[in-house]
Amino acid sequence: MVLAVLAVLRLASGFFIPLMLGLVFTYALSPLVDWLHRRVRIPRALSAAVLILAILGGTGAAMYSLADDANDLISSLPDAARKLRDSINRHPKKTDTALDTVQKAAAELQKAAEEAGASGVAAPNRGVARVVVEKPRFDLREYLWSGTIGLASLLGQGVIVTFLTYFLLISGDTFRRKLVKIAGPGLAEKRLTVQALDEINAQIQRYLVVQLLASVGVGLATGLCFAWIGLKHATVWGIAAGVLNLVPYVGNVAVTAAAALVAFLQFGEMRMALVVAGSSMVINTVEGYLLVPWATSKASSMNPVAVFIGVLAWGWVWGVWGLLLGIPILMAVKAVCDRIDHLKPIGELLGT
């Protein structure tokens, strides 16, 4: 059954990923919609529409205002890579390292084995033609077509997630009441269902608050630190660091490597590239290994080892989206397992 569930989740990722994203966004935005509906007396449909449009409009305006800096930054990456390669080639190694010695020894052994084998094996027939497999050349049209299809698919999923989030927000607690109603005829089953839903709601909202504060902190610290160092487009780097901080274990590495490469292009010194990379690593280490694990454990009461393994598993199932959604899914699984007798060992395994 576990293998069948994993196969369905992997094959039907195009359905489950937008659904999970819509649920996560609903948990994040529902407190604001509830507050507008109860205190300001704005209908849920109108408040949800205004909130989603404000978020989309703000995101689009921010992207438009930073588009020039982002384009300059992206266009400088090939020059940075070329300059780094030239710098490495400009300083040849004077002495062979241990790895070079091992490689030379392996080449000599292979040459000796070929000569020994050639002495005892008959020469190949002269009439046999050799077949050489050539790699296909780069096709610009195919590349543009695949990129266009990928962009269209991403935009389509974004539209689906937006409408799904809107419909879930305007529904309020309708599905919550329906789940409690179908949980069972007894009062105990309904009470357990209410407790599980309340815990899932509270834990996911606390986790989202922790991640939002951590991303804002990483973005501000990265932008200010890079500006103090003198790196160009520090604001873009800060926003990129804050956004990619939501991707566990991968986003920080990408920002650090790209920033170091661009710093080498700008300053022309490996020392400054190391300073930029080191400052980024210090910020991400303090945030990722001290502050966020402590805050997440307080918010979710989950075992860090189980969380790490679970995130890797969901990353294998859904890729980058699995890394983003893995922890909220584990929180929901733990809340359910803690209240079902034959699943309590799983909740105990995930707990602190």
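Keep in mind the model is a prediction, meaning the values are calculated, not measured. (Residues numbered from 1 in each chain as written. Predicted model: local features only at pLDDT ≥ 70, side-chain atom pairs only at ≥ 80, totals over all residues. Heavy atoms only, no water.)

1. Here's the deal with the overall build of the chain
Worth spelling out the cut-off: Working definition: helices are DSSP H or I runs of at least four residues, strands are E runs of at least two. Numbering for both runs from the N terminus. Under the scheme applied here, a residue whose accessible area is under 20% of the maximum for its type counts as buried, over 50% as exposed, and between as partly exposed, the area being computed with a 1.4 Å probe on protein chains only. Between two residues, a contact is recorded if the distance between any of their heavy atoms is within 4.5 Å. Here the open area of atoms and residues is found with the Shrake-Rupley method and a 1.4 Å probe, where only the protein chains shown may cover a residue.
Check the secondary structure of the chain and you find 14 helices and 0 strands. When its helices and strands are written in sequence order, the chain yields α-α-α-α-α-α-α-α-α-α-α-α-α-α. Looking at the 352 residues of the chain, the share that counts as buried comes to 29%. Sequence-distant contacts, at least 24 apart, represent 68% of the contacts inside the chain between residues at least 6 apart. When the accessible surface of the chain is totalled, it reaches about 23,400 Å², and 69% of it is carbon and sulfur.

2. Re a nonpolar patch on the surface
Basically, it comes down to this: A patch consists of residues whose relative accessible area exceeds 30% and which take part in no salt bridge; residues with like charges are grouped when within 9 Å of each other, and nonpolar side chains (Val, Leu, Ile, Met, Phe, Trp, Tyr) when within 5 Å. By definition, a salt bridge exists where a carboxyl oxygen of Asp or Glu is found within 4 Å of a side-chain nitrogen of Lys or Arg.
On the surface, Val282, Val286, Tyr289, Leu290 and Leu291 cluster together into a nonpolar patch covering about 540 Å² of accessible area. Considering the arrangement of structural elements, one finds Val282 in helix α11 (residues 270-300).

3. Some points on the side chain of Asn245
This is how it is decided: Under this definition, polar contacts are N or O atom pairs within 3.5 Å; protein pairs additionally need one hydrogen-donor-capable and one acceptor-capable atom, and for neighbouring residues in sequence, both atoms have to be side-chain atoms.
If you trace the backbone, Asn245 turns up in the loop between α9 (234-244) and α10 (251-267). Judged by relative accessible area, Asn245 falls into the buried class, the value being 6%. One polar contact links Asn245 to Ser215, side chain to side chain, over a distance of 3.3 Å. Ignoring any residue separated from it by four or fewer positions in sequence, one finds Asn245 in contact with Ala214, Ser215, Val218, Asn252 and Glu287.

4. Here's the deal with the packing of aromatic side chains
Rules: Working definition: rings of Phe, Tyr and Trp (its six-membered ring) pair if their centres are within 6.5 Å, and the pair is stacked with planes under 30 degrees apart, edge-to-face with planes over 60 apart, and tilted otherwise. Our definition puts a charge over a ring when NZ of Lys or CZ of Arg is within 6 Å of the ring centre and also within 35 degrees of the ring normal.
Applying the stated criterion across every chain, the model contains 5 aromatic pairs. Centre to centre, the rings of Trp314 and Trp318 are 5.1 Å apart; their planes meet at 50°, and the pair counts as tilted. Of this pair, Trp314 and Trp318 both sit in helix α12 (residues 304-318), 4 residues apart, roughly one helical turn. As far as burial versus exposure is concerned, Trp314 and Trp318 are alike and both buried. Ring-pair connections join several aromatic residues into one group, and the members of that group are Phe163, Tyr166 and Phe167. In this structure, Arg10 is placed above the aromatic ring of Trp316, and the distance from its NZ or CZ to the ring centre is 4.9 Å.

5. A short note on the UniProt feature "transmembrane region" (unreviewed entry) in the chain
Which entries qualify depends on this criterion: UniProt positions are given in the numbering used here, feature names are shortened, and annotations may be inferred rather than shown by experiment.
Under the present numbering, the feature "transmembrane region" (unreviewed entry) in UniProt falls on residues 12-33, 45-67, 143-169, 207-231, 237-265, 272-292 and 304-333. Span residues 207-231 is 92% helix and 0% strand, its end C-alpha atoms 32 Å apart. Split by type, residues 304-333 is 97% helix and 0% strand. Its first and last C-alpha atoms lie 15 Å apart.

6. Quick word on the packing of helix α2 (residues 13-38) against helix α13 (residues 320-337)
Selection criterion: Note on geometry: axes are C-alpha line fits, over the in-contact stretch for helices, and angles between N-to-C directions span 0 to 180 degrees. Convention used here: angles under 35 degrees read as roughly parallel, angles over 145 as roughly antiparallel, angles from 65 to 115 as roughly perpendicular, and any remaining angle as oblique. Crossings are classed by handedness, with left-handed meaning an anticlockwise turn of the near helix from the far one by less than a right angle and right-handed meaning a clockwise turn. The residue classification treats Ala, Val, Leu, Ile, Met, Phe, Trp, Tyr, Cys and Pro as nonpolar and Asp, Glu, Lys and Arg as charged. All others, Gly included, are polar.
Contact geometry of α2 with α13 gives a least axis separation of 11 Å together with a crossing angle of 55°. As the angle between them shows, α2 and α13 are arranged oblique. Crossing of α2 over α13 shows left-handed handedness. Contacts from Ile17, Met20, Leu21 and Val24 of α2 reach α13 at Trp321, Leu325, Pro328 and Ile329. Within the contact of α2 with α13, the residues separate by chemical class into 8 nonpolar, no polar and no charged.

7. Some words on the pattern of salt bridges
Under the counting rule described, the total for this entry stands at 4 salt bridges. Between Lys344 and Asp341 there is a salt bridge whose closest N-O contact spans 3.5 Å.

8. Comments concerning the environment of Leu220
Here Leu220 is to be found in helix α8 (residues 187-229). For Leu220, a relative accessible area of 54% corresponds to the exposed category. Residues Leu220 and Ile239 lie 19 residues apart in sequence; the distance between their C-alpha atoms is 8.1 Å.

9. As for the environment of Leu324
Within the secondary structure, Leu324 sits in helix α13. With 77 residues separating them along the chain, Leu324 and Val247 place their C-alpha atoms 5.7 Å apart.

10. Looking at the nonpolar core
The test is simple: Within this scheme, the nonpolar core is defined by two criteria: the residues are buried Ala, Val, Leu, Ile, Met, Phe, Trp, Tyr or Cys, and they are joined through side-chain atoms within 4.5 Å.
Counting 24 residues, the largest nonpolar core has Met302, Trp314, Trp318, Leu325, Ile327 and Met331 as the members making the most contacts within it. Put simply, the parts of the chain that give this core at least two residues each are α2, α8, α12 and α13. A per-element tally of this core places α13 first, with 7 residues. Within the second largest apolar cluster, 14 residues are counted, among which are Phe226, Leu231, Val262 and Ala263.

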